Amino acid sequence: GKAGPPGLQRSCSMPPNMFEQGPRRDRMRVCIRQNRGSRHDRRFTSSHSEDPITRGEEEEGEEEGTSTLERTYPMHRRRHGIRRRGYSMETGSRSVRPPSPLLGPGNIRPPAESDEEDRESEDDGKQVFLESVKHKLLDDGHLTLLSVAEKMPAGLHEAILDDSLPPGCYGNLATRVGELERGHLASGDADSSPGAVHWFEVSGEWDFYKFQGEEEDEGARDVPALPSRETNQNDEYMEGIERLQQEILFRYGLDVDDLGGFPSSLTPPHPPPRPSHTLGEDGDAEEETKPSFEIIPWVKKTSVTLDFERRQLEEFMDRNVAWSEAVLTVILATLVCVIAALLLRIDFYQDFWLFWFCFVVATAHFSLIKSVQDDPASPSPGQNHITALSRAVYFIMVGVLALVLTAFLDRGRFSPLFVYGYNINSESVLMFVRNGFLIFILFFPILFILGWLPQSDTFVIYLLEQIDMHIFGGTASTGLVCSFYAVFRSVLAAALLWPLGYAAFSTLEMEVLPTECFSPNFDPSSRGQCLGQCMVNDRVALSFFLGALFAVSFALSRSTSNHQYIRDLFYRGCRKLKSCMEKEAAAKSEQDLTDPLEKIYCDTLYRRLTSDFFSGVFIFVFVTGLNFTTVFCLSEIPAYVIYGITCVLGMVNHYLLPHIRKEMPWLCCSEPIIKAGEWDSFEVSETPSVSVLERLLQMSLFLEKYIFYPLSFLYGFNLSLLRYKTIFGDFGAALVLTVTGMKLIRSSFTELSRQHIIFIFTLLFFNFDYAHLSEGLPLDYFILAILFYKIYDLYLKLYFIYIYIAPWQTSWSSPGHIIVQPLLVPHSPVIFFMALIGSIMGAPINPLMASTFFLLSYVRPVKYWEKNYNTKRSDSSNTRLDSQLEGNLRNPNPDRLDSLFYEHLTWALQRSLCGDLLLGRWGRVTAGDFFILTSDRLNALVHIIEIGNGFVTFQLRGLEFRGTYCHQREVEAITESIVDDEGCCCYDPGHLPGMLSCNKALGSRWLAWEVVSTCYTLHGYSISENQAHLVFNSYDYKKGYITYYSECIIYKLIRSEKLHLLMNNEQIQEALEPLARPSYVDVDAVFDEARNCDYSHSTGGGILREKFADVFLPFIRVCVEQQEGLEVETDTGSFLVTLCFAFSLLGRRMFFQHAQTGASRRGGDNFMNGLYRMFLGDARPNSPNDEWVFADVDSIQEIIIPAARIALKVHQDNFTFSEDYETPVGIYEAIRDVEENHVVTHENDRAWRNAVVMNKPSLLALRYQRTEESYIYPYKLIRLSSKFIKFKVIKINRECVRALWTSQQHELIFLRNHDSERGSIQNHKQTLRNMINSSMDLPIGYPIYVSPLQTSFADRHETYNSTLLGKITNPREIAKAMDVIKGWCETCAKHYQGSRSQPRPKGSPARRPGGEG
């Protein structure tokens, strides 16, 4: 071969068969070690046959108390997250060129100078670690990733070594090797240089995003990636492989004989990336053949050669990820051309604007070829294929609307339609709207640059949601498919009701109303003459229509927009038809506890659908019969009486009662005027009961919702019939009354908290201020409801802006913020204008990089985030055994373990949230509101997404247990005492009893949040952490645990169902025959006297059989006596004692073997290491004396492992209840109590999660967590106690949350500001900025748990359903009542059939034909 570099010639003679499995790694490491130089040889030279590098790491770990890996990657808490010292959070390591000539670029180095040797020694540990990663990839067959291994972060390196990386992640990274090769590892969080690669981890899956658009790093030497083994072979791929092999040999001066030959079975899963050049016969590089393709397949004359290489082509064109995307791109490009041609035919654009329109069309086309990444409207970092299509989609959509309006204008027939005095069906109106669309197209480039138009799927969700909310009376939608489903069901309901409405208006006798009814000078006192006559004969069809309208609106208000529940219920109903599948599912549910929420949802939905059907029938019959009378059209006086009662009830229920129950009523009082029963209690011991005030509120809400609002709407419908018939005709009147009626009735059933304000303003505005503009209550209410929602959004936006820009409470995060603050004054009109536009469009405004300069963002739905979370927890049931045993030893992430508590909190809210909202415990709640629940450790943000009649959909985001400094400052702000403040300006005059001080009252009004309740109670767990070494810090404590461990083994063995099988097993009897001798001694070196109570020195030192019987025989007899139906011999020489002795030796031997293995590398006591390994379930018998257990291996997991866990709980309780552990009977009762009433297991076990789901009273776990605080003693005892926890409920201005989320998204994705100490995440007590920003979706925020969308039903709230009204409206009680009625009917039918079947007595008259007899 060719002569290689000097470093390689002097020391490395490659052994043959380099690519063989087994000793290949050792030989390669020895060669690499030799290439390192003399310093490296001195560090790792060893005469033993073990792996030299691994042994070197272990030796250093023993000297310094930690491993080389841990010293190389020490962990410490960053101010906003976790990062490795000297490394970026995303990258974790710097690019280090390893010395191996086969495993990476830039490997062969010349002889090092002295300074280079010093630098090499400093990075030695990182190089060794990187080499281990590459060797691991080489062993596993992932050769494609070898060239980019040094561009991976340290966390990914650890996951590769632990085999904890999901298999699909390797394939995903292998397909993106080209991106990594053209980039470089980011030097830090703020590195936004071209090609910088930032890594992040989501639920174990590693991914990266890269700043693109620039040339690759010139200093990076590119080595072609070796292909993978797992594909079919073909000649073309093999030729490419040979070229790659030759190039590797040429670059590094190697010969194929030195390498032992390349493996012949290597074939790539896809064509490998072609190198920029290949080798000719003379060894010189020659240019690669340009790619070509045929325009017409199989016609060579149509062949076109591209003058681009692959990498150059990707700089000019986006790569399509699928054929469907390519086809869609072609279709959109064609539609853009067609619509642009049709728009040019309108002849609207002239001169310069014609050129500008062509420029807009060109941008729509070019974005399909090469899109702007990252787009200002992109919700996620990296390549977003949806935003690439958005410009074309918007152009097509707006262009189609303009063409449709043009078609209407060309028709030229316009019938006047006056609404509120304006003709809305005129040529000038349509021309104005059409021209507006055409002008709007010209603003596309500016709008996309500013990011005011979202990606197409987000806009579709927003548009459909707004239609369902403002047209049909819905509240919100939870996704793209759900929004289509919500609008479809509303349109379907309106389509079914419209023929009934048309029939109703057709039967009404037409009366000519006086012209004064439509005059601008209309006198409200003469309104009676505009009502018309009330005819009973005309009300039959109308009554049926209104009854159906109320019944359908009630059904829509009771159903959620999430179609998945109906789909799951349908699937479950289909499965019930097959009894075999049902039995199989039942058998499976007995073996493995599954998530109970699916079954609960299906059962609840089935009951709700059943009860809603009967309730709808009752509403239809009642409303039809009530409207058949003439009481609703005779006079307006009863209508205004009903209107007044409705307004008073609304003010009391939704304004007065929430304020007097609030923590600071009207921000003047220091405590609630009417307190809850748990307000002044330190701890709550039982479920909060329904107070008298809550019962009154429940009754008042029932009257308002089901009595007075329906009566008010019935009066409004009947009083407006003739007016609508006169203005709109039969078709139009039926459509108007159907749509407006659906919105009015659905809104009163679903979102009742704001209807009283809309109702009062409607009555005042259209009865006194502008009575001549009134178009009847339905249409007036419909229009004012839309205006109210927009005005209320404007109020919330301005309220947040005023709080955020207040100079006396602004946190000066940087000099730039100080400079921007004075510029706010001329910017104020622009702020108001943007807030106005944002309120109309539903778009949030965001402070630019946390400054007082605000920008308008794109529209977003109520749910805000496009991503749907379907959180699946990884535990022992869905992970590999080696990953469980080894992965848990590598400092498991505590946030992942703590997320279970937020999951339990989500389930608790799912059971009780809807009922608590109906009882007014969270104050006044509307769709889109944000709340923070805070207790001692838990801090969760709850997002109310959808509110319906008897249900609420929400999402919970759990924050870190141990937050950053800014996080803790904001938690202190919401938990600080308000009574201690006695200031007024600069003085301390005090305050009146029960009132706030002047300063506190004024300061509370300058907060974007308020405390709603301080005593909201939920069932949860109190979490306590104790250092585990404290209960094992002496040999007496360790001996006590081993004694309890042996007793627990005996207890589990005797109570085992396999006891008779084990005692009658001939193989086990033969193997344990030597242990039956009283003089038998187990002299294993792992046993010692300090930790074993049955250790004896009389026979050379070991566990003596006779002494074991003396110590544990009383306990064995107690266990046998307590076990019913067990009759076995319990004397000293019985086989039961021998079997207990054998299991005790087995359990203790595995325990002490783990204690002596690897303890020095993990730090702490070796005894704790053995306990932790046994606690995890790592029980592997290694001694020849324990081979008898292989006759029944399952007994290890059924007896030994549970005994090790139970013994820990018994040993811990011994410190508290020492008197109960003095007798064998007391120990037996203690062990049985732990087994029956407590759950002791590790936190990754499925049983741990199921115990939390089932609300077990007590749980105990042993956790390994190494931090700066617990570096020496990393083992902790985690104890959970079931109890009722009091939470503080803080309501946040929803526009504040949306604005801060938008600001972070814009700053990190578009502006690419990755400064870990940026001003936008500093604490700001007035807006809780840090807590809000940390709750964002990954990778922008860092919540430890984000729940799927959960729907809480009022039917599951126990205390709410315990009241009289709760029972009346509860579907369970309705189902029971229907079952009783059904039973009565069946009994009556049987009795009737029995009476007809009895023989007729003699002499009785014969039954007459057709009569009753």
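Residues numbered from 1 in each chain as written. Predicted model: local features only at pLDDT ≥ 70, side-chain atom pairs only at ≥ 80, totals over all residues. Heavy atoms only, no water.

Novice: Kindly report on the packing of aromatic side chains, identifying the contributing residues and their values.
Specialist: For the structure on display, the rule yields 70 aromatic pairs. Put simply, the rings of Phe550, Tyr640, Tyr643, Tyr709, Phe713, Phe717, Phe759 and Tyr781 touch in pairs and so form one group of aromatic residues. We note Lys743 situated over the ring of Phe782; from NZ or CZ to the ring centre the distance is 4.7 Å. Between the NZ or CZ atom of Lys1038 and the centre of the ring of Tyr1035, over which it lies, the distance is 5.2 Å. (Phe/Tyr/Trp six-rings, centres within 6.5 Å; stacked < 30°, edge-to-face > 60°. Lys NZ or Arg CZ within 6 Å of the ring centre and 35° of its normal.)

Novice: How would you summarise the pattern of salt bridges if you had to cite specific residues and measurements?
Specialist: Note that side chains of opposite charge can pair when their charged atoms are close. A complete count under the given rule lists 40 salt bridges for this structure. A salt bridge links Glu1010 to Lys662; the shortest N-O distance between them is 3.5 Å. Here the residue Glu1010 occupies a position in strand E17 (residues 1009-1027), and Lys662 occupies one in the loop between helix H24 (637-661) and helix H25 (692-719), the gap between them amounting to 348 residues. Taking the relative accessible area as the measure of exposure, Glu1010 reaches 25% and is therefore partly exposed. According to the relative accessible area criterion, Lys662 is buried, its value standing at 14%. One salt bridge connects Arg1249 with Glu903, and the closest N-O pair in it is separated by 2.7 Å. You can see Arg1249 sitting in helix H44 (residues 1246-1253) and its partner Glu903 sitting in helix H32 (residues 894-918), a full 346 residues away along the chain. Exposure class is identical for Arg1249 and Glu903. Each is buried. Among the charged side chains, a salt-bridge network with shared partners connects Arg661, Glu694, Asp916 and Arg921. (Salt bridge = Lys/Arg side-chain N within 4 Å of Asp/Glu carboxyl O. Helix = DSSP H or I, 4+ residues; strand = E, 2+ residues; numbered from the N terminus. Buried < 20%, exposed > 50% of the residue type's maximum accessible area, 1.4 Å probe, protein only.)

Novice: How would you summarise the nonpolar core if you had to cite specific residues and measurements?
Specialist: In terms of nonpolar packing, the biggest core is built from 78 residues, with Tyr1041, Tyr1045, Phe1143, Ile1200 and Leu1262 touching the most fellow members. Counting residues per element, this core draws most heavily on helix H39 (residues 1135-1155), at 12 residues. Those residues in contact with Tyr1041, other than ones at most four positions away along the chain, are Phe1032, Phe1151, Phe1167, Leu1171, Ala1204, Ala1207, Leu1208 and His1211. Counting residues in each nonpolar core, the second largest holds 70 residues, with Val336, Ile339, Leu794 and Trp1009 among its members. (Core = buried A, V, L, I, M, F, W, Y, C linked by side-chain atoms within 4.5 Å. Contact = heavy atoms within 4.5 Å.)

Novice: Tell me about the sheet that holds strand E4 (residues 196-202), and name the residues and values.
Specialist: Spatially, the 3 strands line up as an open sheet ordered E3-E4-E5, and their pairing is mixed. Of all the strands in the sheet, just strand E3 (184-185) and strand E5 (205-210) have a single pairing partner and so form its edges. Across 2 bridges, the pairing between E3 and E4 is parallel. Bridge pairing in E4 links His184 to Ala196. Along the sheet, helix H9 (residues 167-174) contacts E4 and E5; its crossing angle with E5, the most-contacted strand, is approximately 20°. (Pairing = 2+ DSSP bridges. Axes fitted to C-alpha atoms, helices over the stretch in contact; angles between N-to-C directions.)

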